[in-house]
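Secondary and tertiary structure notes
These are the residues of each chain, in order.
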Amino acid sequence: MLDFIYYPVSFILWCWHKVFGFVFGESTAVAWILGIIFLTFTVRGIMFKPFVNQVRSMKKMQDFAPEMKKIQKKYANDRQRQAAEMQKLQKEHGVNPLGSCLPMLLQIPVFIGLNHVLRAFTMPPPGGGDKTENYFFNQHDVHSYVSAKLFGVNLGEAVYNGVGVVSGGATNVGFHWGVLPVALPLMIVASIATHLTARHSVARQNAASATPQTAIMNKLTMYIFPLGVLVFGALFPLGLLFYWLANNGWTLMQQRLVYTKIDKEEAARKAEAAEKRASLGPKPGQKPTAPKVGQKPVQQKKNQPAQTGGQKKVTKAGSAHGFAQTTPATASGDGDKAPADTNGQNGSKDNGTGVPGLLKDSTRKSGRKRR
């Protein structure tokens, strides 16, 4: 029923077994163990890009976690509106919640497929007789796997066989205490590796975005899951325990590389933003210039329009302040002459005083007498 999983997994394992079998011999346990380990590395290498996207998505979700808390508090009594607002917020920040679960979801079929393929090496065919093939492996490969033993224990054996979901219908049901001395160290190391992987991931979380649910999940991943590996590892064949070890080792290395790269990118962005703010602000030691108290802002003078040949400014006679008014020029060819004013005074440029628009002193005095 799950042949679409079993065939690809068996093909990758077949390829790596041929590579290491050429070096160490096809019937050796080393060739099969290295084949299982590099099968794990191949699958994790394919999922490297989704893992990076997962880390970036989790980082973004931690950054806008306070906004999510506000939405949860605001729409606590309206679950439908709360979900809609959460989706809107995630869309604005470019976060896909399913993206953070993709690497884990992809590993589950590989785990199931490898467990079944390793178990199937020792399962008799439905009609009885010798095992002649196992998906991509032929009869020679099946015999090679059955003959490969680690400290006298076959890679397909487990401490306990009998759980159908794990054993896949194995015939040798029951406890096999001879497997325990080899499997127990692997189970302990796999449990420790699971704890270290979860601990390293939890240490990256933002404390401001922590919730009671997050605290519960952190405890589960750091303590309960490793304990489950230690207990239920007795149900897994030795080859699957090597897969678990290789998977956790890859995860630790990958986390360190990706987290270091993301930290450097974030530090570079912060340094660039600080440099930009420093360039816009005053230089060190320079006091900002502020306008004095009561000082009016200086207004720039507008450009005065150019005087045409038909108009010019003349000064009105008798004005104490010399206000200017515009009068049309004479129609004669002399554009510098102005018509005489109503008092019969000459409207020339200087009016005999040398100052345009001002009357002689004698004229002023006589004007005062007449008043």
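About the cut-offs
- Residues numbered from 1 in each chain as written.
- Predicted model: local features only at pLDDT ≥ 70, side-chain atom pairs only at ≥ 80, totals over all residues.
- Heavy atoms only, no water.
- Axes fitted to C-alpha atoms, helices over the stretch in contact; angles between N-to-C directions.
- Helix = DSSP H or I, 4+ residues; strand = E, 2+ residues; numbered from the N terminus.
- Parallel < 35°, antiparallel > 145°, perpendicular 65-115°, else oblique.
- Contact = heavy atoms within 4.5 Å.
- Buried < 20%, exposed > 50% of the residue type's maximum accessible area, 1.4 Å probe, protein only.
- Polar contact = N/O pair within 3.5 Å; in protein donor to acceptor, adjacent residues only side chain to side chain.
- Left-handed = near helix turned anticlockwise from the far one by under 90°.
- Nonpolar A, V, L, I, M, F, W, Y, C, P; charged D, E, K, R; others polar.
- Patch = residues over 30% accessible without salt bridge, like charges linked within 9 Å, V, L, I, M, F, W, Y side chains within 5 Å.
- Areas by Shrake-Rupley, 256 points an atom, 1.4 Å probe, with all protein chains shown as cover.
- Salt bridge = Lys/Arg side-chain N within 4 Å of Asp/Glu carboxyl O.
- pLDDT = per-residue confidence, 0-100.
- Core = buried A, V, L, I, M, F, W, Y, C linked by side-chain atoms within 4.5 Å.
- Arc of directions from axis to C-beta.

**With respect to the packing of helix α9 (residues 180-202) against helix α10 (residues 212-232)**
Look at α9 against α10: their axes get within 8 Å of each other, and the N-to-C directions meet at 170 degrees. One way to sum up the angle between α9 and α10 is to call them roughly antiparallel. Counting all contacts with α9, which are made through Met 187, Ile 188, Ala 190, Ser 191, Thr 194, His 195, Ala 198, Arg 199 and Val 202, the residues of α10 involved are Asn 218, Thr 221, Met 222, Tyr 223, Pro 226, Leu 227, Val 229 and Leu 230.

**Description of the side chain of Ser 144**
Along the chain, the position of Ser 144 falls in helix α7 (residues 139-147). On the basis of relative accessible area, Ser 144 is assigned to the buried category, the value being 0%. Among the polar contacts made by the side chain of Ser 144, one reaches the main-chain carbonyl oxygen of Glu 26 at a distance of 2.4 Å. When residues no more than four places from it in sequence are discounted, the contact partners of Ser 144 are His 17, Glu 26, Ser 27 and Trp 32.

**Some points on the packing of α9 against helix α11 (residues 238-280)**
In contact at an axis separation of 9 Å, α9 and α11 are set at 25 degrees when each is read in the N-to-C sense. When the interaxial angle is binned, α9 and α11 end up roughly parallel. As for how α9 packs across α11, the hand of that crossing is left-handed. When α9 is examined against α11, the residues Val 182, Ala 183, Leu 186, Met 187, Val 189, Ala 190, Ala 193, Thr 194, Leu 196, Thr 197, His 200 and Ser 201 are found in contact with a partner set consisting of Leu 238, Leu 241, Phe 242, Trp 244, Leu 245, Asn 248, Thr 251, Leu 252, Gln 255, Arg 256 and Tyr 259. Each residue belonging to the contact of α9 with α11 can be placed in one class, and the counts come to 15 nonpolar, seven polar and one charged.

**Quick notes on unusual backbone geometry**
In this model, Tyr 135 sits at a positive phi of 60 degrees, which is unusual for a non-glycine residue. Topologically, Tyr 135 is positioned in the loop between α6 (102-120) and α7. For Tyr 135, a relative accessible area of 22% corresponds to the partly exposed category. Positive phi, close to 55 degrees, is recorded for Phe 151, a residue that is not glycine. Here Phe 151 is to be found in the loop between β1 (149-150) and β2 (153-154). On the basis of relative accessible area, Phe 151 is assigned to the exposed category, the value being 73%.

**Considerations on a nonpolar patch on the surface**
A surface patch of nonpolar side chains, about 690 Å² in accessible area, is lined by Leu 184, Ile 188, Ile 192, Leu 196, Leu 227, Leu 230, Val 231 and Phe 232. Going through the elements one at a time, α9 and α10 are the ones with two or more residues in the nonpolar patch. For Val 231, the position within the fold is in helix α10.

**Observations concerning the confidence of the model for the chain**
Low-pLDDT portions of the prediction should not be read for the details of their coordinates. Averaged over every residue, the pLDDT of the chain is 73; residues scoring 70 or more account for 66%. When pLDDT is averaged over each element of the chain, helix α2 (residues 29-46) comes out on top at 92 and strand β6 (residues 324-328) at the bottom at 46. Residue range residues 357-367 is modelled with pLDDT below 50. Its contacts to residues more than four positions away, or to other chains, number 18 contacts.

**Remarks on the nonpolar core**
When a protein is soluble and globular, its nonpolar side chains tend to lie buried together. Leu 13, Trp 32, Leu 114, Phe 121 and Leu 238 are the most contacted members of the largest nonpolar core, which has 38 residues in total. Ranked by the residues each element gives to this core, the list is headed by α2, at seven residues. In this structure Leu 13 touches Trp 32, Gly 35, Ile 36, Leu 39, Leu 114, Leu 118 and Phe 137, once residues within four positions along its chain are discounted. Of all hydrophobic cores here, the second largest spans six residues; its members include Phe 51, Val 52, Tyr 259 and Ile 262.

**Things to note about the pattern of salt bridges**
Tallied over the entire structure, the rule returns two salt bridges. Close ionic contact of Glu 26 with Lys 18 constitutes a salt bridge, the shortest N to O distance being 3.5 Å. For Glu 26, a relative accessible area of 25% gives the class partly exposed. Note that Asp 141 and Lys 18 form a salt bridge whose closest N and O atoms lie 3.2 Å from each other. Here Asp 141, found in helix α7, pairs with Lys 18, found in helix α1 (residues 3-24); they are 123 residues apart in sequence, far enough to count as distant. Since its relative accessible area comes to 1%, Asp 141 is described here as buried. Here the salt bridges share partners, and the residues they tie into one network are Lys 18, Glu 26 and Asp 141.

**Side note on α7**
Along α7, the residues classified as buried are Asp 141, Val 142, Ser 144 and Tyr 145. Along the axis of α7, the buried residues cluster in a sector spanning 160 degrees; they form a single face. A side-chain oxygen of the first residue of α7 lies 3.2 Å from the backbone nitrogen of His 140; this N-cap is Asn 138.

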